[in-house]
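Secondary and tertiary structure notes
So you can see what is in the structure, the chains are spelled out below.
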Amino acid sequence: MATTSFTGMHVGHASFKQVVDAMAIDGFVEVIAGEAYRADRAGRPGVATRFRATNALLEMALGFGVTPCSWAKHFQPLPRLGRITNPILLRSSSEHFKGKKLPGKAVAIPKGLSTVQALGETVNDINAFLARQDLDLGPYQHRFFQRIFSQGDCLPIYGWDKGGRLYSAGKDNYQQAPGDERSAFRFNGEATVEIDIGSSFLTIYRKLSGVEFDPVADPYDIPGLSRFASKSWVVMTFGHDRHHVRWPSDVKRKYQDGYEKHGASEWGTGDLQLDHPYRDTHALMLKALPELSEWATSPIRWGDLQYRESCAVVEVVHTLAVRYGIPALPVHDSIRVQVSARGVATRALSDAFQKHVGIIPIMNAK
């Protein structure tokens with residue numbers, strides 16, 4: 001219900017609040033007020049305002065033939081927006097609460113900053129181009145992009161060099177789709193392919209750290225470990241401010257899901273701790289990647305890694321749109337393009353990564 005949550009949306013905060021208040025008064029909607037997060041409070045973190053349809057609303061909708069099972073037939077997606085008012089967002093540093101990472105809060109951006117205006121123009125160029133394309137994303141949507149920067153606690157001297165990925169708006173956006181479902185996407189009637197930067201964060205970290213390494217070797221090919229274990233260890237390390245001491249529950253769950261879906265081979269017994277005891281895995285990973293032993297005290301943080309990666313991805317999506325007329329949808333360290341654009345897109349992504357990181361990365365297409 002924060003006013004900033006409606007920035008750039010089809011419906012403004014004032015209009016939404018008037019409708020909700022009227023529906024609550026008439027007994028059609030039950031509103032459960034949210035509670036702000038306070039770091040000094042011993043208890044659960046803040047929760048958002050929630051809305052629940054009452055029986056009166058369900059009965060009224062039923063009179064028009066609208067049921068909870070058929071609502072999607074009656075409500076069509078709104079058209080994609082071309083140019084939005086606030087294409088650049090800034091969030092504060094994330095916090096940890098009872099072992100969980102809480103996302104940063106929205107930070108107001110002073111008006112008239114030339115740097116922000118230039119960054120926003122690039123994002124809106126991409127939005128305007130994609131608004132004219134026929135994007136068949138199955139049950140998923142793409143409305144518009146916003147580029148979100150992080151760790152914005154030091155305004156007005158913020159350097160706009162932390163985070164910076166392009167995020168597709170809405171909880172049903174295509175970036176939430178699993179890889180196997182993204183493979184069914186079609187752009188302008190043509191099948192698509194996804195091109196990703198191999199071990200993107202690790203490559204950037206090594207380059208920024210001045211580490212000598214073979215840029216074409218697979219860093220996840222480590223004797224005694226499955227690729228899932230070695231890659232998961234690197235990903236979760238970069239996602240935390242220090243080394244873990246055990247496998248996180250979500251990583252163990254993904255490993256078990258892989259076993260249930262594909263059976264044995266790489267997935268062993270389906271029990272990650274049993275197949276790859278964390279203490280042993282940690283030792284093997286630090287032996288193979290000794291540069292990560294200093295991760296907890298390194299001046300290079302995840303925001304720096306994401307920023308370099310985002311610069312390359314934003315540049316290539318923008319270049320493909322305005323120079324070649326090719327739609328590209330980013331998924332963090334990868335882009336999805338039409339099959340016919342695979343060659344052009346691969347070269348453009350490689351060139352952009354080399355420009356912003358200083359090395360030609362491994363490129364994978366799937």
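So, here's what we can say about the structure.

Both faces of the sheet carry side chains from a regular strand, because those side chains alternate between them. Across the five residues of strand β12 (residues 334-338), five count as buried, placing the element largely inside the fold. Pairing of strand β10 (residues 190-197) with β12, which is carried by five bridges, proceeds in the antiparallel orientation. In the strand pairing of β12, Val 193 is matched with Val 337. For strand β11 (residues 329-330) and β12, the ladder comprises two bridges, and the chain directions are antiparallel. Following the sheet pairing, Leu 329 is matched in β12 by Arg 336. The turn linking β11 back onto β12 is made up of three residues, and His 332 within it adopts a positive phi angle of 65°.

This part takes up the packing of aromatic side chains. Considering all chains together, one arrives at 13 aromatic pairs under this definition. Centre to centre, the rings of Phe 228 and Tyr 255 are 5.3 Å apart; their planes meet at 50°, and the pair counts as tilted. With a gap of 27 residues between them, Phe 228 in helix α7 (residues 227-238) and Tyr 255 in helix α8 (residues 249-262) connect regions that are remote in the sequence. Judged on exposure class, the residue Phe 228 and its partner Tyr 255 are both buried. Look at Trp 247 and Tyr 278: their rings are 5.2 Å apart centre to centre, the planes differ by 85°, and that puts the pair in the edge-to-face class. In this pair, Trp 247 sits in the loop between α7 and α8 while Tyr 278 sits in helix α10 (residues 278-288), placing the two residues 31 residues apart along the sequence.

A few words now on the sheet that holds strand β7 (residues 145-149). Strand order in the open sheet made by the three strands is β3-β7-β8, with mixed pairing throughout. Bordering the open sheet on either side are β3 (88-90) and β8 (163-168), each of which pairs with just one other strand. Looking at each pair of strands side by side, their axes are set apart by 30° on average, direction ignored. Of the pairings in the sheet, the one linking β7 to β8 comprises five bridges and is antiparallel in character. Bridged to Arg 147 within β8 is Leu 166. Across the sheet, helix α4 (residues 114-130) is in contact with β3, β7 and β8; its angle to β7 comes to roughly 150°. Helix α11 (residues 302-322) rests against β7 and β8 of the sheet, and its axis sits at about 55° to β8.

The subject of this paragraph is empty space enclosed by the protein. Regions of empty space are outlined by a rolling probe, equal in size to a water molecule, passed over the atoms. Enumeration over the complete set of coordinates arrives at two cavities of 30 Å³ or more. Taken as a whole, the largest cavity holds about 70 Å³ of empty space. If you trace the largest cavity, you find 14 residues lining it, with Ser 199, Thr 203, Phe 213, Pro 215 and Ile 362 closest to the centre. Of the residues that constitute the lining of the largest cavity, the class distribution is nine nonpolar, three polar and two charged. Roughly 40 Å³ of volume is contained in the second largest cavity. Lining the second largest cavity are Arg 165, Leu 166, Gln 175, Ser 310, Val 313, Pro 330 and His 332. Those elements that provide at least two residues to the lining of the second largest cavity are β8 and α11. Grouping the amino acids of the lining of the second largest cavity by side-chain chemistry returns three nonpolar, three polar and one charged.

With respect to the secondary-structure elements, Ser 199 resides in the loop between β10 and α6 (200-209). Apart from the residues within four sequence positions on either side, Ser 199 is in contact with Pro 219 and Tyr 220.

What counts and how
- Residues numbered from 1 in each chain as written.
- Predicted model: local features only at pLDDT ≥ 70, side-chain atom pairs only at ≥ 80, totals over all residues.
- Heavy atoms only, no water.
- Buried < 20%, exposed > 50% of the residue type's maximum accessible area, 1.4 Å probe, protein only.
- Helix = DSSP H or I, 4+ residues; strand = E, 2+ residues; numbered from the N terminus.
- Pairing = 2+ DSSP bridges.
- Phe/Tyr/Trp six-rings, centres within 6.5 Å; stacked < 30°, edge-to-face > 60°.
- Axes fitted to C-alpha atoms, helices over the stretch in contact; angles between N-to-C directions.
- Contact = heavy atoms within 4.5 Å.
- 1 Å grid on protein atoms, 1.4 Å probe; cavity = no way out; pocket = protein on both sides within 12 Å on 5 of 7 lines; lining within 4 Å.
- Points joined across faces, edges and corners; volume = space filled by probe spheres on them.
- Nonpolar A, V, L, I, M, F, W, Y, C, P; charged D, E, K, R; others polar.

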